[in-house]
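# Results of the structural survey
In case you want the letters, here they are:
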Amino acid sequence: MNVIPGVDPEDFSVTSETEVRTEELLINMGPQHPSTHGVLRVVLRTDGELVLEAIPHIGYLHRCAEKIGEKVTPRQFIPYTDRMDYLAGMNMNLGWALTVEKLLGLEVPEKARHLRVLIVELNRIASHLVAAGTYGLDLGSFTPFVYCFREREKILNLFEAVCGARLTYSYITVGGLMADLPSGWLDQCEAFLDQFEPVIDDLHDLLSVNHIFVKRTAGVGVLSRELAVDYGCTGPVLRGSGVDWDLRRDGDPFYTRMYRDYDFEVAVCRDGKYPQPSPPVPTEAVLGDCWHRFFVRMVEVVQSVRLVRQAIEKYRLAEGDIGQPIKLNQKLPPGEVYLETECPKGQMGFMIVSLGEAIPWRVRARSSSFCNLSVLPELCRGCLVADVPAIVGSLDIVLGEVDR
Amino acid sequence: MSIEEIFQHLQEKFGEAVRPGDFTSIDPWIEVGPEAIADVCRFLRDNPALRFEMLHCITAVDYLEVDEKKAAKASFVPHLELIYHLSSLTLRHRVTLKVMLPRWRDDHPGQLPRVPTVSNVWKTALWHEREVYDLSGVEFVGHPDLRRILCPEDWVGHPLRKDYQMPIEYHGIRAR
Amino acid sequence: MAQWLSDWLTLSPQWEWVAYLTVALLQAVILLALVMTAVALATWAERKVAGRIQDRLGPTRVGGRFGWLQPLADGLKLFTKEDLIPANADAVLFRLAPYLSFAPVFGVFMALPFSDGWVAHHFNTAAFFILAVLGLEVFGIILGGYASGSKWSLLGGMREAAQVVSYEVPLAFSAMLPILLAGTMDLVAIGEAQRGWFWNWFVFHDPFTFVAFWIYVICAVAGTNRAPFDLAEAESELVAGFHTEYSGFRWSVFYMGEYAAMAAVCGLGVVLFLGGWNGPIPVAEWLFGPASSTSPIVNFLSQLLGAVNFIIKCIIGVVFMISLRWTLPRPRIDQVMSMCWKYCFPLAALAFLGATLWVLMLPDGLLGQGHPKASTCEQSVMVTVERIETP
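The structure contained in this document is the topic of the report that follows. The structure presented is a predicted model; accordingly, all values stated were derived computationally and were not measured.

What counts, and at which threshold
Residues numbered from 1 in each chain as written. Chains lettered and ligands numbered in written order. Predicted model: local features only at pLDDT ≥ 70, side-chain atom pairs only at ≥ 80, totals over all residues. Heavy atoms only, no water. Helix = DSSP H or I, 4+ residues; strand = E, 2+ residues; numbered from the N terminus. Rg over C-alpha atoms; globule rule 2.2 N^0.38 Å. Buried < 20%, exposed > 50% of the residue type's maximum accessible area, 1.4 Å probe, protein only. Contact = heavy atoms within 4.5 Å. Areas by Shrake-Rupley, 256 points an atom, 1.4 Å probe, with all protein chains shown as cover. Lys, Arg positive; Asp, Glu negative; His and termini not counted. Charge placed at Lys NZ, Arg CZ, Asp CG, Glu CD. Phe/Tyr/Trp six-rings, centres within 6.5 Å; stacked < 30°, edge-to-face > 60°. Buried area = accessible area lost by both parts, 1.4 Å probe. Salt bridge = Lys/Arg side-chain N within 4 Å of Asp/Glu carboxyl O. Polar contact = N/O pair within 3.5 Å; in protein donor to acceptor, adjacent residues only side chain to side chain. Pairing = 2+ DSSP bridges. Axes fitted to C-alpha atoms, helices over the stretch in contact; angles between N-to-C directions. Left-handed = near helix turned anticlockwise from the far one by under 90°. Nonpolar A, V, L, I, M, F, W, Y, C, P; charged D, E, K, R; others polar. Expected span 1.5 Å × (residues − 1). Core = buried A, V, L, I, M, F, W, Y, C linked by side-chain atoms within 4.5 Å. Disulfide = S-S within 2.5 Å. Patch = residues over 30% accessible without salt bridge, like charges linked within 9 Å, V, L, I, M, F, W, Y side chains within 5 Å.

## Thoughts on the overall build of chain A
Counting secondary structure elements, chain A contains 16 helices and eight strands. Here the C-alpha radius of gyration of chain A, 22 Å, is about what a compact globule of 404 residues would show, namely 22 Å. Referenced to the eigenvectors of the C-alpha coordinate spread, the extents of chain A come out at roughly 75 × 50 × 35 Å. In chain A, which comprises 404 residues, the proportion classed as buried is 66%. Taking the contacts inside chain A whose residues are at least 6 apart along the sequence as the reference set, 71% of them involve residues at least 24 apart. Accessible surface, chain A as shown: approximately 13,200 Å² in total, 55% of it carbon and sulfur. Each charge class in chain A was averaged separately, 41 positive and 55 negative side chains, and the resulting centres sit 6 Å apart.

What follows is the structure, encoded as structure tokens:
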């Protein structure tokens, strides 16, 4: 009999079925595995179906975007930000654009601000749809995935009409946006939202409150509040642990002023309740487990729909233009800025160190998925093999962003 | 809490080890001596008036002008900077710490500069320090598992150093 | 038939085995063709139902508007694929495994009555035979998992072993109820016992059989490795489980086994609980009179009607299993096991006990009308024992 970590072999008062030990098995999960969401590799040390240790290995998608940033001007770097979190290119564009604007001391016109909120929140919906759909796939349910991708496809169609790209947009740029909306776009967007809202309830039926789904996710991979903060987890992972923290409300003033006259609720569980409308929390769910992490995203989708609707109204009323992009080789003032924005996956931070030239001296991308993933060994200790995809899926990582 | 107040707290406790950085820049910062960084961080986290529970990011910036013509006019002496971004979720304030390091320990090229780890203060640092070690070449003393994280384990050099040369070939793959 | 062939060819007694072999091969070919057609239709139905559930069309190109020929195209593709055997696999067992998993399922169809006269081999212990043979399917899968030399396959094989062996128990228990009620293990007789209106079907016989029917459904889905109980091949956890390393034709043989098993458990369920070849309304009796009709054409027509009834019920069962797969997430292995041992098994045992008492207390049924064939419990148990003793 081997020694189980954390259990005294002499202590016979603790007797559980997990005490029966077999020979340990090292299993390589990934980089080609259906549910590691890209090229993540996790080495599992297992005892039968029990995972004793999970060690993530990353870097398969490393392109050293930070080094590239030292060779190109800020506007030229925008396409590289698209390729970090490729499911939320708009949010990445915005994070980078705002960081450069913070360095330049630039503020975009009102119309551009509302358009940015509109586009970014729409992309947040798209990203969360992928998260929810693939999470269903991780748990063996194929159909919600197709439903989610159907809705996401409609958002991508809207984005295509706006900027011509479906995945790597490079639409939000330093100083504004690349183009104004085409005529009739807002009506299409509203039509989409009207059609989309009932679909959220379908997804709740198929996933959130589905009995098997709850059984698979409730109480699995519980991430305590303290641990989440300790590991620097952010976004839905942090809020899933019950921490009321959303950069759109609590962040840098330079970022929060974008949302200053918007009305939304932070998707977090307060006294066992989530912002309405949402189904009640099942009794099995423990704060910080996979179910809560998943559910926070579903609730955020509702809030994002609210934000998009407000942004449409505000954009319609706004006067003026959508801002002028800075010159491609505009000189940057010397200085250092760091800015984090609330991206769908968490807080994505960009940092620029400038020595007064057009090309930054150093670019830093603090990736939210990177920090969220680092908690994986902690969560996977002592779970079952089948829980590993459930936990990885609930962290909702994008390897493009982890590896940069 | 403003940066001046935070600095007051730190100076009372650590004296010479902390120096005022730039309080007027966009993101004001405090300079911390390399040997004191772990203690300062622990103090910042545990002090009830400060409570910096979250480490956002560790960044290393390499200051070296490789072009010899420009190097003569450069506004800095060659060095490495570590930048720590911290914030408190409960008290809602932020601070930036900087640690100045030589580019090489004792100016021997190839000897990585050393700094105490903060991974026992915040677990975020576990991976961030590995990343800094991997890409910028800083050795974190006391880190439990200081391996390369983004580059392959047998990679040579630290890509984010300014004098880094991309290898011509890596395992038979043309790299340059 | 063999005798007839032997006489016709005027074979001497020592050459009679040739006739037997020829006839056996002929019957096997017919059954195989039947099973393959069922499998092809099931794969087509799977893709079509999945498509409809997922708000898309499914196959539309091959073979007209509805993609009828899609299974053929799939088969053609699979035949032409490269057949790989991993370097560290046990080559012999690796080759053997798919056939071991398919052959038993195929054997099931030998004893499955399609109608009261249409059964390849009329056993008086057919129910027992089918349950036993279906249980053999697991060996092929365990072997495939073990012989692949891959850890994922091994885990899949281990899961399969644990799961299928466990679910055999409640499956057999719930299948015992109709055997008890009809007093025989002969599937034809069990089907005959449910003749008449649909309330004569064993599923509606009493509350306990109703419960047992649903336990049978759960265990049948679990026993054939269908989602949501497809833990042995859980693609998001174990890559593809026991068939990770299989490709091309061998892979498709595993799949044939799975679909054939679906059809087989549906067929068994239909005979045991859903009246077999008896329609919900006794149309056949009105049209053709009692089953003892002598006219061969009338007999043929009544058999055909029975077979159509049976096949329609099977199709409903298969489509139900398919729609389950595309709707539900997959439970975890420990949940699957606890569901079997903590819920299905005790419930099946209770239902068995309850049904026994029911027949004992209310031998004539709740309404006092009596059941056409089901005798008192005493008799039926006696008969069952007798049948087991004298196979």
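## Things to note about the packing of aromatic side chains
All told, the structure shown has 41 aromatic pairs over all chains when counted by the stated rule. Aromatic side chains F192 of chain A and F196 of chain A sit 5.4 Å apart centroid to centroid with 15 degrees between the ring planes, which places their arrangement in the stacked category. Note that F192 of chain A and F196 of chain A are positioned in helix α6 (residues 185-208) at a spacing of four residues, about one turn of the helix. Taking the relative accessible area as the measure of exposure, F192 of chain A reaches 5% and is therefore buried. Arranged with centres 5.1 Å apart and planes meeting at 70 degrees, the rings of F213 of chain C and W214 of chain C form a pair that is edge-to-face. Exposure remark for F213 of chain C: the relative accessible area of 12% places this residue in the buried category.

## A few points about the interface of chain A and chain B
Accessible area lost when the parts come together is the quantity often used to give the size of an interface. Each partner contributes residues to the interface: chain A has 49 residues there, and chain B has 44 residues. Summing the contributions of chain A and of chain B, the shared interface buries around 3,700 Å²; its carbon and sulfur component is 58%. Taken together, the connections running from chain A to chain B amount to seven salt bridges. Its salt-bridge partner being K162 of chain B, residue E70 of chain A comes within 3.2 Å of it at the nearest N-O pair. Scanning the region where chain A abuts chain B turns up 21 residue pairs in polar contact (both at pLDDT 80 or more).

## As for the pairing of strand β2 (residues 29-32) of chain B
Residue and element names in this part refer to chain B. Neither face of β2 is exposed, since W29 and E31 on one face and I30 and V32 on the opposite face are all buried. Two elements, strand β1 (residues 18-20) and β2, share three bridges in a ladder whose sense is antiparallel. Directly across from V18, in β2, lies its bridge partner V32. Sheet topology places β2 next to strand β5 (residues 94-101); four bridges connect them, and they run parallel. Bridged to I30 within β5 is L97.

## Topic: the sheet that holds β1 of chain B
Residues and elements named next belong to chain B. The strand order β1-β2-β5-β4-β3 describes an open sheet built from five strands, whose pairing is mixed. Of all the strands in the sheet, the pair left with one neighbour each is β1 and β3 (54-63). Strand-to-strand, the axes of this sheet are offset by a mean angle of 25 degrees, without reference to chain direction. Of the strand pairs in this sheet, β3 and strand β4 (residues 79-87) are connected by nine bridges, and their pairing is antiparallel.

## Describing the packing of helix α7 (residues 151-182) of chain C against helix α9 (residues 207-223) of chain C
Axis angle and axis distance: for two packed helices, these are the angle between their axes and the distance between the axes, and together they describe the pair. Residue and element names in this part refer to chain C. The geometry of α7 relative to α9 is characterised by a closest axis approach of 9 Å and an angle of 145 degrees between their N-to-C directions. For α7 against α9, the interelement crossing comes out left-handed. Of α9, the residues touching α7 (which contributes Q163, V164, Y167, P170, L171, S174, L177 and L181) are F208, T209, A212, I215, Y216, I218, C219, A220, A222 and G223. Of the residues belonging to the contact of α7 with α9, the class tally is 14 nonpolar, four polar and no charged.

## Examining the environment of P280 of chain C
All names here are of chain C. Checked against the element boundaries, P280 lands in the loop between α10 (248-273) and α11 (283-288). In this structure, the C-alpha to C-alpha distance between P280 and G196, residues 84 residues apart in sequence, is 7.6 Å. Sequence-distant contacts of P280, that is, excluding residues within four places in its chain, are made with G196, W197, F198 and W201.

## Observations concerning the sheet that holds strand β7 (residues 346-354) of chain A
Residues and elements named next belong to chain A. One open sheet accounts for three strands, arranged β6-β7-β8; its pairing is antiparallel. Two strands close off the open sheet at either side, each with one partner strand: β6 (335-343) and β8 (362-366). Put simply, the sheet's adjacent strands are angled 10 degrees from each other on average, direction ignored. Here β7 runs beside β8; their pairing, made up of five bridges, is antiparallel. Its bridge partner lying in β8, I352 is registered against V363.

## Some details on the arrangement of the chains
Across the two pairs of chains in contact, the largest number of contacts is found between chains A and B. Between chain B and chain C there is no contact, and the shortest C-alpha to C-alpha separation is 25 Å.

## Digging into helix α5 (residues 143-163) of chain A
The end-to-end C-alpha separation of α5 of chain A is 30 Å, in line with the 30 Å expected for 21 residues at 1.5 Å each. Of the residues one or two after α5 of chain A, G164 of chain A is the one with positive phi, at around 85 degrees.

## Considering the side chain of E46 of chain C
All names here are of chain C. Note that E46 resides in helix α2 (residues 16-53). Residue E46 is classed as buried on the basis of its relative accessible area, which comes to 4%. When residues no more than four places from it in sequence are discounted, the contact partners of E46 are R226, Y259, I322, R325 and W326.

## A closer look at the nonpolar core
Among the nonpolar cores identified, the biggest contains 145 residues, and L118, L122, Y171 and W185 of chain A are the most heavily contacted of them. With 15 residues, helix α12 (residues 290-317) of chain A is the single largest residue contributor to this core. Of all hydrophobic cores here, the second largest spans 82 residues; its members include W44, F102, F273 and A348 of chain C.

## Side note on the state of the cysteines
Using the criterion set out here, one finds zero disulfides over all chains in the structure. Between C189 of chain A, a free cysteine, and C163 of chain A, which holds the nearest cysteine sulfur, the sulfur-to-sulfur gap is 14 Å. Judged by its relative accessible area of 0%, C189 of chain A falls in the buried class. We note that C344 of chain C lacks a disulfide partner, and the nearest cysteine sulfur, in C219 of chain C, lies 4.5 Å from it.

## Here's the deal with the pattern of salt bridges
Enumeration according to the criterion identifies 62 salt bridges over all chains in this entry. D74 of chain C is the partner of R47 of chain C in a salt bridge, and the nearest nitrogen-oxygen pair spans 2.7 Å. Placement of R47 of chain C in helix α2 and of D74 of chain C in helix α3 (residues 70-80) is noted, with a sequence separation of 27 residues between them. Each of the salt bridges in this network shares a partner with another, and the network as a whole consists of E121, R124, R239, D246, R248, E300 and E342 of chain A.

## What about the interface of chain A and chain C?
Taken together, the contacts link 32 residues of chain A with 22 residues of chain C. When the two sides are added together, the surface that chain A and chain C hide from each other amounts to roughly 2,500 Å², 61% of it contributed by carbon and sulfur. At the junction of chain A and chain C, the tally comes to two salt bridges. Close ionic contact of D387 of chain A with R332 of chain C constitutes a salt bridge, the shortest N to O distance being 3.0 Å. Scanning the region where chain A abuts chain C turns up nine residue pairs in polar contact (both at pLDDT 80 or more). Where the side of chain A that touches chain C is concerned, the elements lending two or more residues are β1 (24-29), α4 (110-138), α5, α7 (211-217) and α15 (387-395) of chain A. Top element by residues in the side of chain A that touches chain C is β1 of chain A. It accounts for five residues. Considering only residue class, the side of chain A that touches chain C consists of 18 nonpolar, eight polar and six charged.

## Some thoughts on a nonpolar patch on the surface
All names here are of chain C. Where nonpolar side chains cluster on the molecular surface, the patch consists of W197, F198, W199, F204, F210, W214, I281, V283, W286, L287, L305 and F320 and spans about 1,200 Å² of accessible area. Listing elements by their share of the nonpolar patch, those giving two or more residues are α9, α11 and α12 (296-325). Tallying contributions element by element places α11 first for the nonpolar patch, with three residues. Structurally, the position occupied by L287 is in helix α11.

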